[in-house]
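# A look at the structure
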Amino acid sequence: MKSYPVNGRFGEFGGQFVPETLVPALQELESAYLRWKSDAGFRAELDGMLREYAGRPTPLYFARNLTKRAGGAMIFLKREDLLHGGAHKINNTLGQGLLAKRMGKQRVIAETGAGQHGVATAIACAALGLKAEVYMGSVDIERQKLNAYRMELMGAELHSVTAGSRTLKDAINEALRDWATNISTTYYLIGSVVGPHPYPVIVRDFQSVIGKEIRDQMRRREGRLPDAVVACVGGGSNAMGSFHEFVEKRGVKLVGVEAGGAGRGRNAASLAEGRKGVLHGMLTYVLEDEDGQIRETQSVSAGLDYPGVGPEHSYLKERGRATYVTVRDKDALRAFHLLAEVEGILPALESAHAVAHAVKMARSMKKEQSIVVTLSGRGDKDVQIVAKEAGLEI
Amino acid sequence: MSEISKAFAGLAGSEGALVTYIMGGDPDPDTCSKVIDAVVAGGADIIELGIPFSDPIADGKSIQAAAVRALSAGTTPRRVLELAKNAKEKHHVPVALMTYFNIFYSQGFENFLRLAKSHSVDGIIVPDLPLDEASRYARISRRMGVDNILLAAPTTSAGRMRMLASNTSGFLYLVSVLGVTGARQSLRRSTLALIAFAHRYTQGRVPLAVGFGISAPEHVREVIEAGADGVIVGSSIVDRVADYRENKSKVLQNLEEYVRSLKAATRG
């Protein structure tokens, strides 16, 4: 499988379905990216920031108690939750932030759902001396107040988006509009493997450090690659970053876990229940009604609450290279509690979806087999939601 | 020659075409047909009829709000096509559909275009289908005889402007400013320079119509004098329709007068 998309496409997925105004900017971005990505100075600066500032490499932890509880394959946790900012998002924001600087753009805009990408953008921009402005749906601001305030503390300007469903998709719409208006001064820092080409490639490449470390750490510890890699999928950046290294390695099963919400028709599972469509500049699986209007989504986790998915995931699904499953809100919440109780780790509700499915998978696998679950973020931001679901007020 | 090309060709020497944008089904489908009547009575040469989409990334607040009103009133793409057909039968005015690509793609591009054609649609304007993606579908629209009206922008290079001018049909839609649709107070000097630049590539080849931000008769005059063959007015029409619920009969009458003042300005 081609790892760099031909004509901006992974198979039929991807592309550049954007207004003409943005086309030259995407071309400029692609040529800048291709120039800098293999530049030794750029790599060294990024690797240095990832190591000394963000906290890479992250540990690969053998979750002994969780493994015992599941009663099957060994479960390892890739601890992206231990990164600065509390999520994998910083791998990408540092990379793109450095790229923005190389391109001479001083103003950075970003969209955010749960707020993790907004926080990671605020962090990277503060550290790199860039001005950050973040679009966030007003519904998401309400359910992720803490993250909204964290961004402001780090100097980012927050724009509340009150259009449409007031969540991630509307924040992306608004960021695209801003970009078209301020194109010469502004870098649009997309937070997931979504959007028009070349964003899905850029974000994947900056996140692929996750999979590379998993490979090295598993080889060192177990002397072989894992049997399966499991990660949650909203837009799909932590999953793509975890999978990319293993796409050519047939023995490694790749499993993406989408938000099953409250069940059929009330979820954010674009790959499971969507159709091929065009949203935010890309052809991919989307949740839409019979007329092609994008549907509103539902999930306990704001970070997975998105009606599209990265085009490369659509491609991996179509090719049968990765499988995609759904986990419902209640099962993700149960996994959150389980991991907290047996391992002393509070996972982000997004990551809890992956944990839930890994436990289920492990049961039907042999003891000597191994599953790596990417713990994409930590759950401190979700404690209030979890308490509320448990009927508590804190 | 398509109906849209004919509308341009039929104008007197220095006269420009007035393209009026209306959001299909705004504020509701029945009222929308009265809105069409009013703009045609005011002198619109071409109707650009929007199909509301849930995620209109090229549109500013006015047209976003219009899409919300239309969708809340239960407007479907098929209902907008019926409006197009009725407008065509009643007024014989060319109609271009404006909507986002997913509305086409979800039904199959060819199927939807065939349906549009059977509803007398003359052209399509798809802001998120730029030249490179549109080229995959060009053959289909050509075969069906529906104009695929491409957009050019202030960021468009000379080489790309040349390609757009030779690939568009009906007219070339020049986006006059960076950003999204929406009425603006005044025209920028850069807009007039942009028109002159684009005109070099469209002259003798295809009509050039300018949109985004144009709201006053003075703008219309300046745009035509700068070399455009037509102007597209949208948000300021949609803003007037937005007042419909409060002030029914007045709104339609005012709209007709407003369009008449724009049309007068196209004649100098």
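Here we summarise the structure given alongside this text. Keep in mind that this is a model prediction, so the values were computed, not measured.

Let us now look at the overall build of chain B. Looking only at helices and strands, chain B features 13 helices and 9 strands. Scaling as 2.2 N^0.38, a compact globule of 268 residues should have a C-alpha radius of gyration of about 18 Å, and chain B matches this with 17 Å. Each principal axis of the C-alpha atoms in chain B carries an extent, and together these give about 45 × 40 × 30 Å. Relative to its 268 residues, chain B shows a buried fraction of 63%. Pairs at least 24 residues apart make up 73% of the contacts formed inside chain B by residues separated by at least 6 positions. Accessible surface computed for chain B: about 10,000 Å², of which carbon and sulfur atoms make up 48%.

Residues and elements named next belong to chain A. Taken in spatial order, the 4 strands line up as β7-β6-β5-β8 in an open sheet, and their pairing is parallel. Strand pairing shows two members of the sheet lacking a second neighbour, β7 (157–161) and β8 (186–188), which therefore form its edges. Sheet twist, expressed as the mean angle between neighbouring strand axes with direction ignored, is 25°. Here strand β6 (residues 131–137) pairs with β7 via 5 bridges, running parallel. Bridge pairing in β7 links Tyr-135 to His-159. Sheet strands in contact with helix α8 (residues 168–181) are β5 (107–112), β6, β7 and β8, and its direction is about 160° off that of β5.

All told, the structure shown has 20 aromatic pairs over all chains when counted by the stated rule. Aromatic pair Phe-101 of chain B and Tyr-137 of chain B: ring centres 5.2 Å apart, planes at 55°, arrangement tilted. Separated by 36 residues along the polypeptide, Phe-101 of chain B in helix α5 (residues 101–105) and Tyr-137 of chain B in the loop between α7 (131–134) and α8 (138–144) bring together distant segments of the chain. The class for Phe-101 of chain B is buried, based on a relative accessible area of 0%. Take Tyr-137 of chain B: its relative accessible area is 14%, and that puts it in the buried class. Between Tyr-173 of chain B and Phe-212 of chain B, the ring centres sit 6.1 Å apart and the planes meet at 90°, which makes this aromatic pair edge-to-face. A residue pair is termed long-range when its members are at least 10 positions apart, and Tyr-173 of chain B in strand β7 (residues 172–175) and Phe-212 of chain B in the loop between β8 (208–211) and α11 (217–225) qualify at 39 residues. Judged by its relative accessible area of 10%, Phe-212 of chain B falls in the buried class. Three or more aromatic residues joined by ring pairs form one cluster here, namely Phe-17 of chain A together with Phe-101, Phe-104, Tyr-105, Phe-109, Phe-112 and Tyr-137 of chain B. The ring of Trp-36 of chain A carries Arg-102 of chain A above its face, with NZ or CZ at 5.2 Å from the centroid.

Moving on, we come to helix α7 (residues 145–153) of chain A. Residues and elements named next belong to chain A. Buried residues of α7: Asn-147, Ala-148 and Met-151, and no others. Here the buried residues of α7 occupy an arc of 105° about the axis, which is enough to place them on one side. For α7, exposure combined with an orientation more than 90 degrees from the buried face picks out Lys-145, Leu-146 and Leu-153. Against β5, α5 (116–128), β6, α6 (138–143) and β7 lie the buried residues of α7. Residue Gly-155 follows α7 closely and has a positive phi angle near 90°.

Bringing the pattern of salt bridges into the picture now. Residues and elements named next belong to chain A. This model, assessed by the stated rule, comprises 53 salt bridges over all chains. Among the salt bridges present, the one from Arg-56 reaches Glu-213, with a minimum N-O distance of 2.8 Å. Taken together, the residues span a long stretch of sequence, with Arg-56 in the loop between α2 (40–54) and β3 (60–62) and Glu-213 in helix α10 (residues 209–222) at a distance of 157 residues. For the pair formed by Arg-56 and Glu-213, the shared burial category is buried. For Glu-288, the salt bridge goes to Arg-275, with nearest N and O atoms at 2.8 Å.

The rules we used
Residues numbered from 1 in each chain as written. Chains lettered and ligands numbered in written order. Predicted model: local features only at pLDDT ≥ 70, side-chain atom pairs only at ≥ 80, totals over all residues. Heavy atoms only, no water. Helix = DSSP H or I, 4+ residues; strand = E, 2+ residues; numbered from the N terminus. Rg over C-alpha atoms; globule rule 2.2 N^0.38 Å. Buried < 20%, exposed > 50% of the residue type's maximum accessible area, 1.4 Å probe, protein only. Contact = heavy atoms within 4.5 Å. Areas by Shrake-Rupley, 256 points an atom, 1.4 Å probe, with all protein chains shown as cover. Pairing = 2+ DSSP bridges. Axes fitted to C-alpha atoms, helices over the stretch in contact; angles between N-to-C directions. Phe/Tyr/Trp six-rings, centres within 6.5 Å; stacked < 30°, edge-to-face > 60°. Lys NZ or Arg CZ within 6 Å of the ring centre and 35° of its normal. Arc of directions from axis to C-beta. Salt bridge = Lys/Arg side-chain N within 4 Å of Asp/Glu carboxyl O.

So far we have only geometry, and geometry alone does not tell us how the molecule works.
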